[in-house]
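A structural walkthrough
So the chains spell out like this:
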Amino acid sequence: MSHYEAPIREPLILGHKSYHDITEDIARPIEGKANKNWYIAFYISLAAMLWGFGCIFYTVGTGIGVWGLSKNIGWAWDITNFVWWVGIGHAGTLISAVLLLFRQKWRMAINRSAEAMTIFAVFQAGLFPIIHMGRPWNAYWVLPLPNQFGSLWVNFNSPLLWDVFAISTYLSVSLVFWWTGLLPDFAMIRDRAVKPFQKKIYSLLSFGWSGRAKDWQRFEEVSLVLAGLATPLVLSVHTIVSMDFATSINPGWHSTIFPPYFVAGAIFSGFAMVQTLLGIMRKVTNLEAYITRLHVEYMNIVIILTGGIVAVAYATEFFIAWYTGSQYEDYTYLSIGSATGPYAWAFWSLILFNIITPQLLWIKKFRRSFIISFLISIAINIGMWFERFDIIAIVLSKGHLPSTWWRFEPTFVDVGIFIGTIGFFFVLFLLYARTFPVIAQAEVKTILKSSGESYKKLRDDNHE
Amino acid sequence: MSSSKVIHAFYNDDEVVLDAVKKVKAANHHIEEVFCPFPVHGLDKAMGLAPTRLAITAFIYGVIGLGMAIWLTYYTMIADWPQDIGGKPSFSWAENMPAFVPIMFELTVFFAAHLMVITFYMRSRIWPFKKAENPDPRTTDDHFLMEIELLDNEEELTALLNETGAVEINVVDKH
């Protein structure tokens, strides 16, 4: 009876599985050979990544002038991409930490990949501020190190420095959280490896995990405390990112609702990216029994909720811009000015992809459809990119004086670096999907008896 | 030498192993170790393991991190090189404190999380290049292994373990 779960809850693990079946299913993508689709996806991503690296070298070698920036728009695509990637990362921590605190069993099938996505996304995000420095070899100047410049220190009053601390704490804490969870699963791969080289590698990766009762007791405590620490951490990260804008005195940026609204937007976009990735992964790795319609529906419900928060925030921003009666507020990113001006296409893309499209998820049939969820998740990824682009480029394109008006046009280098980070992200994710246990198998085994289809059926039949 | 020998009892179900641990404990045998492929709730209590104090260490590390952040912001912004940034002069730490809250928070989390995980790795003796110590590779797949000290009571213990539902029982020399 210790594994009882209400019959009304749908099973999370489909089919007739035993503990050993779970081991086999999770180990299969690692031990098998990659198929043709994997190689095609990998080479396309690799090509995009190399093109992006080429553009980065060109930028560093020539200067930031190769981007479409000017004295009025000092940052555009780079900071847009930075915020976009950081935001995507948030869903991973939300799934692994917040849902752990709420004891949501469905997180166990998706937390590993979502955390991997977090780490890979934050890598991409971190690239942009460093490239934008122009002299990336001086990037260590953001750290409070004793130095030869007359003991000049970093400025702890600046939100940009808060960002340095927030992002680096976030990345490193996510990494140890992820790795600690991976230890028992690496140990599982290690113990069944036949090839000596594979055994060696997974022995090294598993840190000699042996699975003693005391280790598990500590493991669970550490997971719980890390979840407790990561939850406020993830909220703080996007709060601080929003302060890069909110603490400035630009109309459109100087907004007190930015922190909660950015956090909701980050979770919204992050869940969309999880949906995109898992939609592909469950097919490629044959893990349909673990990543089910129910998981997709639950994620879609989170998307509707956070998307709703974002929509309310947009409406608030639009209303307040109009209500001030200030002409300077008439060209913020959510205003009549931007809806009808030269950036109208960007404004309406935002509304279409981010507000209108996700509303389809209110329909249960769509919410439980893999293909429709996948398509909507792509729309949200695009919409959330436009949100950041609108906040940055539209607001900066109309300063207080007409002499500061400027239209941002990206150069091929801007585009190339962005595409390069998408390639880099997928290269990392594809390599991960071939070498790492993509589902936290040890955790999934703990819910097999309570939420496995055959066990649930057995229990229900006995009750009749 | 019987005292250097241990008995390895294998189980293939988490509920069975939990009951078996309780029965073996009730019969006053000393369980050296239980190796599991996944956490079994209540096993630590059944084995009589003391609760872990890692959460307490995390709190202490967090306090240290907070202290570090306070010292760092005080030393760099107030003591070593005070500046007037944006009309907000750095005369006192307390007056400038609101701007330092994000740093104080991040360093608290940074210290608590990393030092706790390092403590966990040290206490559980897991680190890169460490050799695994589970006696059987099946214990990371679907088998649970109970290791019991053997004191010239092999037959009695084997009978008890069979009764508790062990699927395999081996007597091995402990190195």
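Our subject is the structure that appears above.
A brief report on the enclosed structure follows.

Conventions used here
- Residues numbered from 1 in each chain as written.
- Chains lettered and ligands numbered in written order.
- Predicted model: local features only at pLDDT ≥ 70, side-chain atom pairs only at ≥ 80, totals over all residues.
- Heavy atoms only, no water.
- Helix = DSSP H or I, 4+ residues; strand = E, 2+ residues; numbered from the N terminus.
- Rg over C-alpha atoms; globule rule 2.2 N^0.38 Å.
- Buried < 20%, exposed > 50% of the residue type's maximum accessible area, 1.4 Å probe, protein only.
- Contact = heavy atoms within 4.5 Å.
- Areas by Shrake-Rupley, 256 points an atom, 1.4 Å probe, with all protein chains shown as cover.
- Lys, Arg positive; Asp, Glu negative; His and termini not counted.
- Charge placed at Lys NZ, Arg CZ, Asp CG, Glu CD.
- Patch = residues over 30% accessible without salt bridge, like charges linked within 9 Å, V, L, I, M, F, W, Y side chains within 5 Å.
- Salt bridge = Lys/Arg side-chain N within 4 Å of Asp/Glu carboxyl O.
- Polar contact = N/O pair within 3.5 Å; in protein donor to acceptor, adjacent residues only side chain to side chain.
- 1 Å grid on protein atoms, 1.4 Å probe; cavity = no way out; pocket = protein on both sides within 12 Å on 5 of 7 lines; lining within 4 Å.
- Points joined across faces, edges and corners; volume = space filled by probe spheres on them.
- Nonpolar A, V, L, I, M, F, W, Y, C, P; charged D, E, K, R; others polar.
- Buried area = accessible area lost by both parts, 1.4 Å probe.
- Axes fitted to C-alpha atoms, helices over the stretch in contact; angles between N-to-C directions.
- Parallel < 35°, antiparallel > 145°, perpendicular 65-115°, else oblique.
- Left-handed = near helix turned anticlockwise from the far one by under 90°.

Okay, the overall build of chain A next. Helices and strands together make up the secondary structure of chain A, namely 16 helices and zero strands. Computed over C-alpha atoms, the radius of gyration of chain A comes to 23 Å, within 12% of the 23 Å expected from 2.2 N^0.38 for 464 residues, which places it in the range of a compact globule. C-alpha extents for chain A along the principal axes are approximately 75 × 55 × 40 Å. Taken across its 464 residues, chain A has 60% of its residues classed as buried. Across chain A, contacts joining residues at least 24 apart in sequence account for 81% of those joining residues at least 6 apart. Surface accessibility of chain A: about 18800 Å² in total, with carbon and sulfur atoms responsible for 70%. Of the side-chain charges in chain A, 35 are positive and 29 negative, and the distance between the mean point of each set is 7 Å.

Helices and strands together make up the secondary structure of chain B, namely five helices and six strands. Computed over the C-alpha atoms, the radius of gyration of chain B is 26 Å, more than 25% above the 16 Å expected from 2.2 N^0.38 for a compact globule of 175 residues. Counting only C-alpha atoms and orienting by the principal axes, one finds that chain B spans roughly 85 × 30 × 25 Å. Counting all 175 residues of chain B, 46% fall into the buried class. Once local pairs closer than 6 in sequence are excluded, the contacts in chain B between residues at least 24 apart make up 75%. Put simply, chain B shows about 9100 Å² of open surface, and 60% of that area lies on carbon and sulfur atoms. Separation between the mean location of the 13 positive side-chain charges and that of the 24 negative ones in chain B comes to 4 Å.

In this section: a nonpolar patch on the surface. The grouping of B:I56, B:F59, B:I60, B:V63, B:I64, B:M68, B:W71, B:Y74 and B:Y75 at the surface amounts to a nonpolar patch, some 910 Å² of accessible area in total. Among the structural elements, B:F59 can be located in helix α3 (residues 54–80).

Now for the side chain of A:R367. Relative to the helices and strands, A:R367 is located in helix α12 (residues 364–367). A distance of 3.2 Å separates the side chain of A:R367 from the side chain of A:E297, its partner in a polar contact.

Before going further, it helps to examine the layout of surface pockets. Considering only enclosed or pocket space, the largest pocket measures out at about 1300 Å³ in volume. Along the walls of the largest pocket sit 49 residues, with A:R103, A:E220, A:T446, B:P39 and B:H41 positioned nearest its centre. Every element with two or more residues in the lining of the largest pocket is listed here: α3 (77–101), α4 (111–132), α5 (159–192), α7 (213–246) and α15 (441–451) of chain A together with α1 (14–26) and α2 (43–47) of chain B. Split by residue class, the lining of the largest pocket holds 22 nonpolar, 14 polar and 13 charged. In this structure, the second largest pocket occupies an estimated 1100 Å³ of space. In this structure, the second largest pocket is lined by 35 residues; those nearest its centre are A:M133, A:A139, A:V142, A:L160 and A:V164. Contributing elements (two or more residues each) for the lining of the second largest pocket: α3, α4 and α5 of chain A.

Take the interface of chain B and chain A next. Taken together, the contacts link 62 residues of chain B with 60 residues of chain A. For the pairing of chain B and chain A, the buried interface totals around 5500 Å² over both sides, and the portion due to carbon and sulfur atoms is 65%. Here chain B is connected to chain A by five salt bridges. For B:E33, the salt bridge identified is with A:R212, shortest N-O distance 3.7 Å. Among the secondary structure elements, those contributing two or more residues to the side of chain B that touches chain A are α1, β2 (31–35), α2, α3 and α4 (93–123) of chain B. Per-element accounting of the side of chain B that touches chain A gives the leading share, 18 residues, to α4(B).

Okay, the packing of α4(A) against helix α14 (residues 412–435) of chain A next. Residues and elements named next belong to chain A. Interhelical geometry of α4 versus α14 gives an angle of 150 degrees and a closest axis separation of 10 Å. Between α4 and α14, the angle is such that the two are roughly antiparallel. Judged by the twist between their axes, the crossing of α4 over α14 is right-handed. Residues R112, S113, A116, M117, F120, A121, F123, Q124, L127, F128 and I131 of α4 form the contact with α14, whose participating residues are I417, F418, T421, F424, F425, L428, F429 and Y432. Tallied by class, the residues present in the contact of α4 with α14 amount to 15 nonpolar, three polar and one charged.

This part covers empty space enclosed by the protein. Residue and element names in this part refer to chain A. In this structure the tally under the stated criterion is two cavities of 30 Å³ or more. One number sums up the size of the largest cavity: a volume of about 70 Å³. Around the largest cavity sit T93, S96, E115, T118, I119, Y170, V173, S174, F177, W178, A230 and L233, which together line it. Of all elements in the fold, only α3, α4, α5 and α7 reach the threshold of two or more residues within the lining of the largest cavity. When the residues that make up the lining of the largest cavity are grouped by side-chain class, the tally is seven nonpolar, four polar and one charged. Roughly 40 Å³ of volume is contained in the second largest cavity. Lining the second largest cavity are W67, W77, D78, N81, F128, D414 and I417. Among the elements of the structure, α3 and α14 are those that each provide at least two residues to the lining of the second largest cavity.

Once the charged atoms of two side chains with opposite charge are near each other, the side chains can pair. Residue and element names in this part refer to chain A. As enumerated under the stated definition, the model contains 23 salt bridges over all chains in all. E5 serves as the salt-bridge partner of K105, at 2.9 Å between the closest nitrogen and oxygen. One end of the pair, K105, is in the loop between α3 and α4; the other, E5, is in the segment before α1 (19–31), with 100 residues separating them in the sequence. For K105, a relative accessible area of 29% puts it in the partly exposed group. By relative accessible area, which is 8% here, E5 ends up buried.

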